[in-house]
Amino acid sequence: MLIIGEKLNGTLKKTAAAIAARDTAFVQDMAKRQVEAGADYLDVNAGTGTGNETLDLVWLVETVQAVVEVPLCLDSADAVAMKSAMECVQRTPLVNSISGEVKRIDAILPLVAQQGSPVIALLLDEGGIPPDVASRIHVGRRILERTRQAGVPDERVYIDPLALTISTNTEGAMIAIESMRQLRQEFPEVKFSLGLSNISFGLPARTLVNQAFLAQALAAGLDAAIINPLEQGLMNMLYATELILGRDRYCRRYTTAFRSGKIKLESQA
Ligand code: THG
């Protein structure tokens with residue numbers, strides 16, 4: 001599974017302050033720590049910086065690229081900011097995101113088709129996030145109709161089934177997981193991605209909830225997740241779950257991760 005590091009997000013107070021202050025050291029340190037912890041991509045979101053998202057996002061992209069080699073996950077709903085960021089990336093980015101909203105598809109999908117980049121598509125539309133599995137599947141079908149029309153092959157689309165906070169929605173995790181299972185049956189080439197941390201908002205011991213959810217989502221075929229790679233328990237759970245699901249031949253990744261210190265138990269810390 002692809003690990004997308006979530007920490008360079010302007011909705012986080014420290015990151016927002018760093019973006020506003022052009023704090024290069026903070027941003028570069030956070031980028032390096034996430035990559036060292038195993039991030040394959042870094043999510044960059046400048047949504048609540050100085051009020052000029054385009055300038056903020058371009059600064060963030062350039063600052064991060066100066067110190068790490070991994071590709072970026074460009075996290076913006078603003079087509080102008082997205083276009084500018086796509087023009088200054090050094091490696092093919094993951095575009096985060098489009099959705100079933102016509103405005104967002106029309107503005108961002110052509111950029112994706114033209115650049116040949118993979119794209120995350122959220123299962124929501126003008127009516128918001130559909131409450132049940134059937135209506136989310138319906139939004140998924142409509143999105144894939146549009147991405148196919150634009151010439152984007154299914155394997156370049158990461159559907160994000162959107163897990164809502166479990167503390168206000170008992171079925172939040174299972175609706176996302178079931179939506180993923182059903183769409184995978186219908187569209188075997190499509191990939192799936194999730195922002196994991198939302199699930200535990202408002203609960204104590206959030207990492208436990210994130211870990212339980214990650215294990216279930218992996219079993220349902222999750223291909224990528226926006227997570228905090230600095231959360232040691234979550235990373236432990238990720239390696240162990242992929243091993244258990246038979247995706248780690250000769251237990252190679254698990255044992256390598258252990259030897260290099262990427263898997264670490266509290267009792268050893
Ligand atoms: N899907 C897609 N993109 C996304 C999300 C998604 N991008 C944003 C978000 N959701 C994923 N990124 C984060 C980044 C940080 C945190 C959660 C999700 C986080 N939040 C803590 C909280 O909510 O309490 C801490 C807040 C703070 O420290 O200020 O850590 O679902 N495609």
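Now for a quick tour of the structure. (Residues numbered from 1 in each chain as written. Predicted model: local features only at pLDDT ≥ 70, side-chain atom pairs only at ≥ 80, totals over all residues. Heavy atoms only, no water.)

Turning our eyes to something else, we now look at the overall build of the chain. The number of helices and strands found in the chain is ten helices and eight strands. Here the chain has a C-alpha radius of gyration of 18 Å; the compact-globule value for 269 residues is 18 Å, and the two agree. A principal-axis box enclosing the C-alpha atoms of the chain has dimensions of 50 × 45 × 35 Å. In the chain, buried positions account for 51% of the 269 residues. Contacts spanning at least 24 positions in sequence make up 68% of the contacts within the chain whose residues lie at least 6 apart. (Helix = DSSP H or I, 4+ residues; strand = E, 2+ residues; numbered from the N terminus. Rg over C-alpha atoms; globule rule 2.2 N^0.38 Å. Buried < 20%, exposed > 50% of the residue type's maximum accessible area, 1.4 Å probe, protein only. Contact = heavy atoms within 4.5 Å.)

Across its 14 residues, helix α8 (residues 206-219) extends 20 Å between first and last C-alpha, which sits within 8% of the 20 Å expected from 1.5 Å per residue. Burial in α8 covers these residues: N210, Q211, F213, L214, A215, A217 and L218. Buried positions along α8 lie against α7 (172-186), β7 (191-195) and α9 (232-244). Remark: G221 follows α8 within two positions and exhibits a positive phi of approximately 105 degrees. (Expected span 1.5 Å × (residues − 1).)

This part covers the site of the ligand. Around the ligand, the structure places 15 residues, and the nearest of them are D75, N96, D160, R206 and I226. Take E6: an N or O atom from its side chain is 3.5 Å from an oxygen atom of the ligand. For the ligand, the accessible surface in isolation is 670 Å², of which the surrounding protein chains cover 72%. The set of elements that each furnish at least two residues to the shell around the ligand consists of β1 (2-9) and β5 (119-122). A class-by-class count of the residues in the shell around the ligand yields five nonpolar, five polar and five charged. (Near = heavy atom within 4 Å. Polar contact = N/O pair within 3.5 Å; in protein donor to acceptor, adjacent residues only side chain to side chain. Areas by Shrake-Rupley, 256 points an atom, 1.4 Å probe, with all protein chains shown as cover. Nonpolar A, V, L, I, M, F, W, Y, C, P; charged D, E, K, R; others polar.)

Once that is clear, we can look at unusual backbone geometry. The amide bond that connects N96 to the next residue, S97, takes the cis arrangement and shows omega of 20 degrees. Looking at the element boundaries, S97 is found in strand β4 (residues 94-99). Even without being glycine, R22 reaches a positive phi, approximately 50 degrees. Locating R22 in the fold gives a position in the loop between α1 (13-20) and α2 (24-36). Unlike most non-glycine residues, Y250 shows phi in positive territory, near 55 degrees. Within the element layout of this structure, Y250 appears in the loop between α9 and α10 (252-259). Residue classification places Y250 among the exposed positions, given a relative accessible area of 63%.

This paragraph deals with the sheet that holds β1. The eight strands are arranged β1-β2-β3-β4-β5-β6-β7-β8 in a closed barrel whose pairing can be described as parallel. Across the sheet, the mean angle from the axis of one strand to that of its neighbour is 30 degrees, orientation sign disregarded. Judged from the three bridges that link them, β7 and strand β8 (residues 224-227) form a sheet pairing that is parallel. Each residue of the ladder has a partner; that of L194, found in β8, is A225. Contacts from helix α5 (residues 102-115) reach β4 and β5 within the one sheet, and its direction differs from that of β4 by about 150 degrees. (Pairing = 2+ DSSP bridges. Axes fitted to C-alpha atoms, helices over the stretch in contact; angles between N-to-C directions.)

Bringing the environment of T50 into the picture now. Its place among the elements puts T50 in the loop between β2 (41-45) and α3 (53-65). Among the residues examined, T50 registers a relative accessible area of 46% and is labelled partly exposed. It is 28 Å that separates the C-alpha atoms of T50 and T165, two residues lying 115 residues apart in sequence. If we skip the residues at most four places from it in the chain, T50 touches A20, R22 and D56.

Right, let's get into the environment of A66. Relative to the assigned elements, A66 resides in the loop between α3 and β3 (72-75). Considering only alpha carbons, one finds A66 and G261, 195 residues apart in sequence, at a separation of 26 Å.

Geometric descriptors of this kind do not, in isolation, establish any biological role.
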